[in-house]
Amino acid sequence: MSKRFNRRSRRAVIPLAAVSALVAGAGLTGCGQQRDASVYTVLNSSTDETYHRWDAEAMARCGERLGVTIEQQSVPAAQVMTKALRMASSKSLPDIVQFDASEMPTFAEAGGLVDLRTLGLSTADIPQGIVNFGSYQGTYYGAARSVNTLALFYNKDVLDQAGLKVPATWAELRETAKRLTRGKRYGLALSAGGAEDGVFQFTPFMWSNGGDETRLDGPKVVEALDYWKSLLKDGSLSKATVGWTQADVNDQFMAGNAAMMINGPWQVETLNTKKSLHWGIARIPVPEAGGKSVGPLGGAVLTVPNTGDEQRERTAGKIVACLSGEREQLTYALNSWMVPANEKAAAVWRQRVPELDALADQVAAARSRTAKLGAGWSGVSLALQSAFQSALTGESSQAALKRAQQRATSGNRGTRP
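Residues numbered from 1 in each chain as written. Predicted model: local features only at pLDDT ≥ 70, side-chain atom pairs only at ≥ 80, totals over all residues. Heavy atoms only, no water.

(A) Geometry of the environment of lysine 402. In this structure, lysine 402 sits in helix 17 (residues 397–411). Looking at lysine 402, the relative accessible area reads 46%, which means it is partly exposed. Sequence separation between lysine 402 and asparagine 257 is 145 residues; the distance between their C-alpha atoms is 34 Å. (Helix = DSSP H or I, 4+ residues; strand = E, 2+ residues; numbered from the N terminus. Buried < 20%, exposed > 50% of the residue type's maximum accessible area, 1.4 Å probe, protein only.)

Right under this line is the structure:
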C-alpha cells in the first residue's frame, strides 16, 4: 500500500513531560489485567488491509516457531503514541509496540522501554546507522525490520524527449527542472508542507549541504532553504508545494504534472499500477559534484515496553527477534518495497529488485533524525515546519530560520544535543 508511510505527516507531538508523567504514573511493575500466557499482543499502525495481512502472516509464522499466538492491534500511526500511553496508564500495555523511529526516543526517555540487548537481540548484521536509528542515548530499544529514505524519482520519457540526463548536483537539478517546466507540468514536485513530511524532505538538502539540526539558523541550513526558494522562484515548483504531503507529490507525478519528484519507496506499488509511466530512481542531487547525498532514515521499530513481567518481556524479545530476523525482513521488504535493515537480507534484496539499487545506496548514507537530539527532535520539526511556511511565502530564509532556532531552543531545553 502506497500511502502507509505518509502517515508521518499527521503525528501528534506530545511533550516529553506529559509522556514521562503518564509512564511513571502507570506503575509499570505489574500488569493491571490478567493475560493469557500463550497470547502476545503487538500494537502497530498497520491499518491498511494489505499491510495488516502481511503482518498477520509474519506473526503467524513466528508464533508457530515460538509456540505462542501473536495478535496485532492496529491504529492509525498518529495514534500509536497516545494509545500506548492510555494502555500504560491502565496497566494494560501490549507486549510489543511498533513506534515510528522518530517517536521511540520519547517513550524510551520516559523509562518505558526495555533494552533489547538484555533480551538477547544482536545487532551484528545491522549497519551502525540503523542501530542508531533504533537507539536512544546508546541503548538499543527498537529493532527495524526495514528502513526507507528519500530519492529522486524521474519520468524517463520526459527526460529522454528533452535530451536531458538525470541531475546529480543542485545546479543540474535547478536547470533540468526549469527546462522541464512546460504548461501545466512542473519540473519538480516535493513536499514543503507544514508537517513532518516537509521536514523529512528538507533534511537531505540540509544535511548534504553540511547543515545541522542543532543550529537551524546556520549558514548551511539557510542556503538549503534558499535553494528551495530558488526552485519556487524559477516556477519549477508549484506554489501549492507548501501544502503538499508526500502522497500529494506522488499524485502530481503520476498525473504527469511533475517531471521529477522527491519521494520514497512506499510509493512504488502505486507507481507500478500505471503501466504507461516509465520511471527511474536516483540519489538526491548534492550541492557540488562528488558530495555525499545524506538523506533521512524513515520507518518503524519494534520495541518491548517495560511492564515489569520479565518472563513475558523475554518472550516478547524472541518475537521481536523473529519478526526482525533476516528471513522475515526479506519477505517484508519485498512486499513493501522498503530496504531490509539486515545487511545480509539487503544484499539479497538488491539482487531481487535491481531497479531500486540507488535507494539502497541512499539508505547506506542515511541518518536518523533523532540521532543528535533524541526526544528533542519533535521541537525542531515543529520549528522547521513553521519556517517553511514563512520562507516559501515571502519571508527571508534567514529571518524564518532565526525564529525557528529560537523556538526550537526554548522548546528543547533540557535535551541533549
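(B) Spotlight on the pairing of strand 3 (residues 96–100). Burial of strand 3 is extensive: five of the five residues sit out of reach of the surface. On strand 3, burial covers both faces: Ile96, Gln98 and Asp100 on one face and Val97 and Phe99 on the other are all buried. For strand 1 (residues 39–44) and strand 3, the ladder comprises two bridges, and the chain directions are parallel. What sits directly across from leucine 43, in strand 3, is valine 97. As paired strands, strand 3 and strand 12 (residues 300–303) are joined by four bridges and run antiparallel to one another. Its bridge partner being in strand 12, aspartate 100 is matched across the sheet by alanine 300. (Pairing = 2+ DSSP bridges.)

(C) Representation of the pairing of strand 10 (residues 258–263) within the structure. Burial analysis of strand 10 places six of its six residues in the buried class, the great majority of the element. Direction of pairing for strand 8 (residues 151–155) relative to strand 10: antiparallel, over a ladder of four bridges. The residue bridging alanine 151 from the neighbouring strand is asparagine 263, located in strand 10. As defined by bridge partners, strand 9 (residues 186–189) adjoins strand 10 across three bridges and the pair is classed as parallel. Bridge pairing links alanine 189 to methionine 261 in strand 10.

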